[in-house]
Amino acid sequence: MKTTLITGGNSGIGAAIGDLLLARGERVVSLGLEMPAPEKDNLFGYTVDLTDPTATAKVAARIAADHAIDAVVHNAGAILPSLLPAAGPADVLKLAQLHLAAPMTLTQAVLPGMTERGFGRVLFITSRASMGMPTRSAYSATKAGVHGMMRTWALELAPKGITVNVIAPGPVLTENFWGIVPKDGELQAKIADGVPVRRIGTPQDIANAAGFFLDDKAGFVTGQVLYVCGGTSLGGLSA
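So, here is what we can say about the structure in this document. (Residues numbered from 1 in each chain as written. Predicted model: local features only at pLDDT ≥ 70, side-chain atom pairs only at ≥ 80, totals over all residues. Heavy atoms only, no water.)

### Looking at the pattern of salt bridges
Where side chains of opposite charge bring their charged atoms close, a pairing between them can arise.
Here comes step 1: Scanning all chains against the criterion turns up 6 salt bridges.
Here comes step 2: In this structure, the salt-bridge partner of Lys-2 is Asp-216, at a minimum N-O distance of 3.0 Å. A residue pair is termed long-range when its members are at least 10 positions apart, and Lys-2 in the segment before β1 (3–7) and Asp-216 in the loop between α7 (203–214) and β7 (225–228) qualify at 214 residues.
Here comes step 3: On the basis of relative accessibility, which here comes to 53%, the residue Asp-216 falls in the exposed class.
Here comes step 4: The residue Asp-66 makes a salt bridge to Arg-62 at a minimum N-O spacing of 3.9 Å. Pair noted here: Asp-66 and Arg-62 are both in helix α2 (residues 53–66), with a separation of 4 residues, about one helical turn.
Here comes step 5: The class of Asp-66 is partly exposed, set by a relative accessible area of 45%. (Salt bridge = Lys/Arg side-chain N within 4 Å of Asp/Glu carboxyl O. Helix = DSSP H or I, 4+ residues; strand = E, 2+ residues; numbered from the N terminus. Buried < 20%, exposed > 50% of the residue type's maximum accessible area, 1.4 Å probe, protein only.)

### Things to note about the environment of Thr-105
Here comes step 1: When you line up the elements, Thr-105 lands in helix α3 (residues 89–117).
Here comes step 2: Between the C-alpha atoms of Thr-105 and Asp-193, which are 88 residues apart in sequence, the distance is 40 Å.
Here comes step 3: Each residue touching Thr-105, except ones within four places of it in the same chain, is listed here: Thr-56, Ala-57 and Ala-60. (Contact = heavy atoms within 4.5 Å.)

### Brief notes about the packing of aromatic side chains
Here comes step 1: Following the criterion strictly, the structure yields 2 aromatic pairs and no others.
Here comes step 2: Each ring, one from Phe-124 and one from Trp-153, has its centre 5.5 Å from the other, and the planes form 50 degrees; the classification is tilted. Highlighted residues: Phe-124 in strand β5 (residues 120–125) and Trp-153 in helix α4 (residues 137–157), separated in sequence by 29 residues. The burial state of Phe-124 is the same as that of Trp-153; both residues are buried.
Here comes step 3: In this structure, Lys-183 is placed above the aromatic ring of Trp-178, and the distance from its NZ or CZ to the ring centre is 4.3 Å. (Phe/Tyr/Trp six-rings, centres within 6.5 Å; stacked < 30°, edge-to-face > 60°. Lys NZ or Arg CZ within 6 Å of the ring centre and 35° of its normal.)

### A word on the environment of Leu-22
Here comes step 1: Looking at where Leu-22 falls in the secondary structure, it is placed in helix α1 (residues 12–23).
Here comes step 2: The sequence separation of Leu-22 and Asp-193 amounts to 171 residues, and the corresponding C-alpha distance is 34 Å.
Here comes step 3: Apart from the residues lying within four places of it in its own chain, the contact partners of Leu-22 are Val-28, Lys-40, Asp-41, Asn-42 and Leu-43.

So, to be careful, I would describe these as geometric facts and stop short of saying anything about function.
In structure tokens, the structure reads:
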């Protein structure tokens, strides 16, 4: 039975990916600030603040000891929006730890097992904002950085049977989204009208794409960025 580690697996996109994998009969290890709820068969939860390097290293070692991890979904993220005059180095450092360093630590911990078994899947959830978006200096920079790191890992790990890919969502109805955009308000409607498919994405939209990359049959796909964005990667999105 395949086991997938999902960061931010207790809610939103991470929870949707977990539900899809559980429905396939697979095991899911959820890592986040909170435990997943409700309890489900084959779902295992761990808590950690991924912006803390020491705590991340400890939980990574624990998970690697407790589980034979076959796939990792690096989904946890934060936005920290601010226009350039208000942006600061602390925002960049915090998001670099969350979006880049923490995934590196977690992947390093489970990599020996993947290498020994000759199979692995590493999947990052980034953002269409990696292409640029107002108020996203630290966020877009670190998410774009993930794309470069992903391609490097893809080249290094391909001979070991391990694929590494990225899904870059457009606007998705999650708590992160509603933390910036009032839920069901005028701005949300305006954003939906600006999406070529005329709606905002759902966590299930992203989970469906993740299911493809994580599948055993997707072994010939690596080093790719898939924009699951309703067409917003074809033009700017201002809000």
